[in-house]
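Geometric and topological summary
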Amino acid sequence: MSTEPVTGVFNDGYIAEQYELYRRDRNAVDSSWRQFFQFAEGIAGAPSASAQAGTADPALLRKVAGAASLIEAIRAYGHLATPLDPLGKPRSGTTELSAEFHGIAESDLGDVPGNVLGLPDANAAEGVARLRSLYSSTIGIESEHLGTAAERVWLREYVESGMLQQPLAPEKRLGILRRLTQVDGLERFLERVYKGYKRFSIEGNDALVPVLDEIIEDSSAAGAREVAIAMAHRGRINVLAHILDKPYATIFDEFEGKHAAANAESESGDVKYHLGAHSQRESSEGKTVAVSLMPNPSHLEFVNPVLEGFARARQRTEEASQDVAAVVPVLVHGDAAFPGEGIVAETFNLSRLRGFRTGGTIHIIVNNQVGFTTDPIDARSTRYSSDLAKGFEVPIVHVNSDDADSCVRAAEMAVAYRNKFGKDFLIDLVGYRRMGHNETDAPEFTQPELYAKIRRHLRPPQVYAAKLVAEGVTTADSATALEQEIMSGFERERDETRNRAPETDQSDTLPTGSDNVDAALPAARTEQLVAWNERLLAWPSDFKPNARIAKTLGRRREAMGEQGGIDWGHAEALAFASLLQHGVSIRLTGQDVERGTFSHRQAVLHDAENGAKYIALQHLPEANGQFEIYNSPLSESAVLGFEFGYSAAAADTLVLWEAQYGDFVNVAQPIIDQFIANSKVKWRQDCSLVMLLPHGYEGGGPEHSSARLERFLQLCAQDNMCVAYPSTPAQYFHILRRQMRRKDRKPLVLMQPKSLLRLPAAASSVADLTGASFTPVIDDPIASKEREKVRRLVFCTGKMYYDLLEKRKPHVALVRVEELYPWPHKQVADIVDLYPEIEEVVWAQEEPKNMGAWSYVSPQLRVSTGNALIVRYIGRGERASPAEGYAETHKLEQERIVTDVGAPMQTPSGSRKRSAAAR
């Protein structure tokens, strides 16, 4: 659809171009052009300025064409003339909206009948005036970038119906005035009583709260049972108080430093403007709607995918389908962060993908028109802070935050659009920031002119009250009395707070859904495993899988025999089957997880002839859980954040995210640092997310070797997560099952293999799966038969064990530490005690000394050995890069490590065997 206006005299070439589009597809041109061409064809046979003699007046046709082009421009560019800035900054770049720009004079518009252009007005002059008032009021809409005609038409009809300008009921407007007065009053009260405390006030964009009120109200009326919100810290305290109904007394307690959980050893908490909450609200229709606010650190937009995952999990129904109407996600952004942080685009990219969609998110940009101290000219390369959303075909409404009525109407439109199309919608709430970035800043240092205007500008409730007084909705005395009533209430609450002990507040604990998992989860029996395996190897008779894949999977029948041979992908499938049988749902996402990066999983089969899909884990008889698996987009931060949010809200689901290579997790570090590692101690938010990170030095270079084990171990404390490095498929089988037996939910980080995926020496048997549960430390099965010969006790992990096993010496015992955190102190100590003749303990690893587990393990091993033995390191030296870039160099280094581990004993001075007492 062409939306480019013609500069200067309206020419025949442009008319012809539009007519050619019209002839091909009438919907390819604006409705005003369609009406014009129908009119021109009816009276002239063709829309040309050189029409045949005796037909329509060419001058009239030019006027009609110019009016049609002007109307099209108003609809497309009317937002450029919208007075968006409450501080009165004039708009620029609006020449497209003048009649002269389209080759006619304003006076010519009266000569064009309205019906010729499809307008309900008597003539084009009246129609243009009406459309200018609709498209360039305090609300401006951008929808021409939408690729679907039905959406563009719906939005146009919505605007031109006058819905956005229709007056609100007087009682509703009085409710908005009360709300704005509460919002402003709380900020002013906190500023006066707790001067100098950071609170990141909402002042200047107070309309955010009435906008959220309207979204919740309209969503509830449409059938939603929950609205889930995420936002950064700007205005958060006010949203907690007035949207989540957090008691003023609790907020004052926090400012007084009397938070009930502040001294709990198990909780470090977070600052008050990062906290989340959950509450129940009653709508005007008497319906109950749950409202959640996600906790969020100062990483601003990184909460975006977390909210989406949370919302998707909450949208699940008992029938295991997804009810997108039931839970409405709302994302509140900052105007500097929205175009500045890549996680915003990554999250938008999830919005219509089958594994991640949530039925449309309502986005609100709290537009301060300035970042910390950065002006828009230095913060973005676009006209609007919202322009990023155009690339994802999201309609955008810009609204002046001082016009509270328009703000509420924009919220109504957002909910109506989501209900109609199930897509995202964005409100650009243009206001200002009355204080500095925080309340201790002096913003006039960097924006002196801007803040001179702000100091002179009335506060939002004052602006709105004046409007209502002028329109006879209320009186000045009533508005003053309302303000006094609200401020007196704050004083009473604070006085009561000072005279009582703080109450325990659990409102910041978010819902986690049902937890119907069988906690017992009995050990798998051989006959069960065999039966599940057969079901996993069965597909419909008319389904024709790839012959090579069918042959490979067929070997899994042999692996169930006494000879064993169960590999990693096979053990995983059996673990999933056993969990599904016991009511655990499973969700697995990541890049290429359906097949598996290393072709080891093959969970989704494709018909070799027609490409149809078959997922055996979705067709298990008597399965009481649901299995879903999705290849994810090429994103780590957004997808991992999504899965964290999903796991936090779905206690009955084993949620797994797999990195294509372990080091790809580097890109998601903020999600790990700010959400996964410390969510419980900061926000009482549990999750049992499993991160599968392929790790191992195979000579593939620095970028395909290390999952940065050292970083996870550095984050471990307060029993916050588990970090494990299973060395066999059976261990992997058991730890997945154990993850869903835990009542104390916590994340699980698994260093996953690459070369071990099909290594015969690492394979397991059915007996390994039906036998013992996950073992944190595995003794050397060979050395355990002749323990008295062992002089060097070598501890290692995963892949390193198999490299060392090939050249193991009799005086060396190889012990695998399968779970690094929590450190298995007792199990390690018990194994050390089994070897009475050892002279030294070694930690062997393939990672450089300053990476891998050594820095973490060294003090742990010393404690586990009673500080009576030398604990020595064997591995690579300290490096700046995780691995060698050349395969031959890697091979030499790996051989050196193996040789050093098996080298003859040379007891250094000071070395000694542990005494019996020490043991």
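Up top you'll find the structure we're talking about.
Residues numbered from 1 in each chain as written. Predicted model: local features only at pLDDT ≥ 70, side-chain atom pairs only at ≥ 80, totals over all residues. Heavy atoms only, no water.

A separate point is the layout of surface pockets. Approximately 770 Å³ is the volume attributed to the largest pocket. Along the wall of the largest pocket there are 24 residues; nearest its centre are D85, K89, Q369, P376 and R380. No other element matches helix α15 (residues 448-456), which puts 3 residues into the lining of the largest pocket. Residue composition of the lining of the largest pocket, grouped by class: 8 nonpolar, 6 polar and 10 charged. (1 Å grid on protein atoms, 1.4 Å probe; cavity = no way out; pocket = protein on both sides within 12 Å on 5 of 7 lines; lining within 4 Å. Points joined across faces, edges and corners; volume = space filled by probe spheres on them. Helix = DSSP H or I, 4+ residues; strand = E, 2+ residues; numbered from the N terminus. Nonpolar A, V, L, I, M, F, W, Y, C, P; charged D, E, K, R; others polar.)

Taken residue by residue, helix α16 (residues 460-470) has P460, P461, Y464, A465 and L468 as its buried positions. Buried residues of α16 fall within an arc of 125° about the axis and therefore sit on the same side. Buried-residue contacts for α16 involve α6 (170-193), α14 (404-421) and α17 (476-498). (Buried < 20%, exposed > 50% of the residue type's maximum accessible area, 1.4 Å probe, protein only. Arc of directions from axis to C-beta. Contact = heavy atoms within 4.5 Å.)

Between two packed helices, the angle of one axis relative to the other and the distance separating the axes together describe the packing. Look at helix α18 (residues 526-536) against helix α20 (residues 568-581): their axes get within 10 Å of each other, and the N-to-C directions meet at 105°. When the interaxial angle is binned, α18 and α20 end up roughly perpendicular. Side by side, α18 and α20 meet where L529, W532, N533 and L536 of the first sit next to H570, A573, L574, A577, S578 and Q581 of the second. Residue composition of the contact of α18 with α20, grouped by class: 6 nonpolar, 4 polar and no charged. (Axes fitted to C-alpha atoms, helices over the stretch in contact; angles between N-to-C directions. Parallel < 35°, antiparallel > 145°, perpendicular 65-115°, else oblique.)

Extensive coverage of strand β16 (residues 748-752) is indicated by the burial of 5 of its 5 residues. Side chains L748, L750 and Q752 project from β16 onto one buried face, and the interleaved V749 and M751 project onto a second face that is buried too.

Residues K89, K453, R455 and R456 make up a contiguous surface patch of positive charge. Tracing the sequence through the fold places R455 in helix α15. Residue R455 is classed as exposed on the basis of its relative accessible area, which comes to 56%. (Patch = residues over 30% accessible without salt bridge, like charges linked within 9 Å, V, L, I, M, F, W, Y side chains within 5 Å. Areas by Shrake-Rupley, 256 points an atom, 1.4 Å probe, with all protein chains shown as cover. Salt bridge = Lys/Arg side-chain N within 4 Å of Asp/Glu carboxyl O. Lys, Arg positive; Asp, Glu negative; His and termini not counted. Charge placed at Lys NZ, Arg CZ, Asp CG, Glu CD.)

By secondary structure assignment, the location of Q315 is in the loop between α10 (303-314) and β5 (327-334). Each C-alpha atom of the pair Q315 and P297 lies 25 Å from the other, and the pair is 18 residues apart in sequence. Filtering out sequence-adjacent residues up to four positions away, Q315 remains in contact with R225, S321, Q322, D323, V324, V327, R357, T358 and R418. There is a polar contact of 2.9 Å between the side chain of Q315 and the backbone oxygen of V327. (Polar contact = N/O pair within 3.5 Å; in protein donor to acceptor, adjacent residues only side chain to side chain.)

Opposite charge on two side chains permits them to pair, given that their charged atoms come into close proximity. Overall, the coordinates contain 61 salt bridges when judged by the stated rule. Between K287 and E285 there is a salt bridge, with the nearest N and O atoms lying 3.8 Å from each other. One salt bridge connects E658 with R601, and the closest N-O pair in it is separated by 2.8 Å. Within this pair, whereas E658 is found in strand β13 (residues 653-658), its partner R601 is found in the loop between β9 (585-590) and β10 (605-606), the two being separated by 57 residues in sequence. The structure contains a network of salt bridges with shared partners spanning D184, E187, R188, E191, K195, R199, E203, R459 and E483.

Bringing the nonpolar core into the picture now. Counting residues in hydrophobic clusters, the biggest one holds 84 residues, and the most contacted among them are F36, L117, L208 and V330. At 11 residues, helix α3 (residues 58-77) tops the list of elements feeding residues into this core. Ranked by size, the runner-up nonpolar core spans 83 residues in total, among them L307, M751, W823 and L869. (Core = buried A, V, L, I, M, F, W, Y, C linked by side-chain atoms within 4.5 Å.)

This next bit is on the sheet that holds strand β6 (residues 362-367). In space, the 8 strands of this open sheet follow the order β1-β7-β8-β6-β5-β2-β4-β3, with mixed pairing throughout. In the strand order of this sheet, the two ends are held by β1 (139-142) and β3 (277-282), each with one partner. For this sheet, the mean inter-axis angle between neighbouring strands, taken without regard to orientation, is 20°. Examined bridge by bridge, strand β7 (residues 396-400) and strand β8 (residues 425-430) share 5 bridges and lie parallel to one another. Counted as the bridge partner of V397 is I427 from β8. Sitting on the sheet, helix α7 (residues 208-221) is in contact with β2 (226-231), β3, β4 (288-293), β5, β6 and β8, with an inclination near 170° to β6. Each of β2, β4 and β5 is contacted by α10, which is oriented at about 175° to β5, the strand it contacts most. (Pairing = 2+ DSSP bridges.)

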